[in-house]
Amino acid sequence: LETKRLAFPRFYFLSNEELLEILAETKDPLLVQPHLKKCFEGIYRLKFEDNMDITMMYSAEGEQVKLVKPINPAAHHNAVELWLTEVEKTMVETVRDQIRQSIENYLVATRDKWMLSWPGQVVICVSQMYWTKDVEQALGDQGLHGIQVYEQTLNNNMTDLIQLVRGELKRTERCT
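Cut-offs used in this document
- Residues numbered from 1 in each chain as written.
- Predicted model: local features only at pLDDT ≥ 70, side-chain atom pairs only at ≥ 80, totals over all residues.
- Heavy atoms only, no water.
- Phe/Tyr/Trp six-rings, centres within 6.5 Å; stacked < 30°, edge-to-face > 60°.
- Buried < 20%, exposed > 50% of the residue type's maximum accessible area, 1.4 Å probe, protein only.
- Helix = DSSP H or I, 4+ residues; strand = E, 2+ residues; numbered from the N terminus.
- Pairing = 2+ DSSP bridges.
- Contact = heavy atoms within 4.5 Å.
- Axes fitted to C-alpha atoms, helices over the stretch in contact; angles between N-to-C directions.
- Parallel < 35°, antiparallel > 145°, perpendicular 65-115°, else oblique.
- Left-handed = near helix turned anticlockwise from the far one by under 90°.
- Nonpolar A, V, L, I, M, F, W, Y, C, P; charged D, E, K, R; others polar.

Q: Would you mind going over the packing of aromatic side chains with me for this structure?
A: Both the distance between ring centres and the angle between the ring planes are used here to describe each pair of aromatic rings. For the structure on display, the rule yields five aromatic pairs. On the numbers, 4.9 Å between centres and 75° between planes, the contact of phenylalanine 8 with phenylalanine 11 is edge-to-face. Neither phenylalanine 8 nor phenylalanine 11 differs from the other in exposure class; each is buried. With 6.1 Å between their ring centres and 55° between their planes, phenylalanine 8 and phenylalanine 40 make a pair best called tilted. With phenylalanine 8 in the loop between helix H1 (2-7) and helix H2 (16-24) and phenylalanine 40 in the loop between helix H3 (36-39) and strand E1 (45-48), the pair connects residues that are 32 residues apart, well separated along the chain.

Q: How do you make sense of the pairing of strand E2 (residues 54-58) when you look at a structure like this?
A: Here is the key point about a regular strand: its side chains alternate between the two faces of the sheet. Along E2, five of the five residues are buried, which leaves the element largely enclosed by surrounding structure. When E1 meets E2, the two strands line up antiparallel, connected through four bridges. Across the sheet, the residue bridging to arginine 45 is tyrosine 58, located in E2. Where E1 folds back on E2, the antiparallel hairpin that results is connected by five residues, among which methionine 52 adopts a positive phi of roughly 75°. In the sheet, E2 pairs with strand E3 (residues 64-71) via four bridges, with the strands oriented antiparallel. Residue pairing for E3: methionine 57 is matched across the bridge by valine 65. Taken together, E2 and the strand that follows it, E3, pair antiparallel across an intervening segment of five residues, in which glycine 62 is found at a positive phi of about 105°.

Q: I would appreciate a short explanation of the environment of arginine 10 in the present structure.
A: Along the chain, the position of arginine 10 falls in the loop between H1 and H2. Its relative accessible area of 22% is what places arginine 10 among the partly exposed residues. Taking the C-alpha atoms as reference points, arginine 10 and leucine 161, separated by 151 residues in sequence, lie 37 Å from one another. When neighbours within four sequence positions are excluded, arginine 10 is seen to be in contact with Cys39, Phe40, Glu88 and Met91.

Q: Sorry, what's going on with the packing of helix H4 (residues 80-106) against helix H6 (residues 120-166) here?
A: Each pair of packed helices can be summarised by the angle the axes make with each other and by the distance between the axes. It is the contact of H4 with H6, at a shortest axis distance of 9 Å, that shows an interaxial angle of 50°. One way to sum up the angle between H4 and H6 is to call them oblique. Seen from above, H4 lies across H6 with right-handed handedness. Of the residues in H6, those in contact with Val95, Gln98, Ile99, Ser102, Ile103 and Tyr106 of H4 are Gln121, Val122, Cys125, Val126, Met129 and Tyr130. For the contact of H4 with H6, the per-class residue count stands at nine nonpolar, three polar and no charged.

Honestly, that's just the spatial picture; any functional story needs more than this.
Right under this line is the structure:
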């Protein structure tokens, strides 16, 4: 068990019994699904296609994110620690790609439509990036007056967000 945990450190989040259960069923990657939420905080389950390619990840709230590339456990000889390492790498690549796309989209979409178009983690990250940039720019350009002007922009954003939340939203949109 220690060797498997060294190969895939997220196995430390599982009990010995849970890890043994996974390792006993390495031929069927679908049996790992119940343990994913303990290994990956934001992943509740993965989508396995008929050919066993993993193409999407889902959060417990129902958000779904398409992976930037499919992962097939058979390509890793069904060694669970190897294909889960690939899931971890691809998850990071996917979130990074989503953030990059979202940064571009932030400048062209209205804020409410932008927020509903991206996963919650991406919205939080990109919002904080733009908030930091805007605050630095306001301070650098106009000092205290720039911050006061920017405060009005933030208040307008908050008003729009309140109207959005009071409207009809899908369950997954409400979580974002």
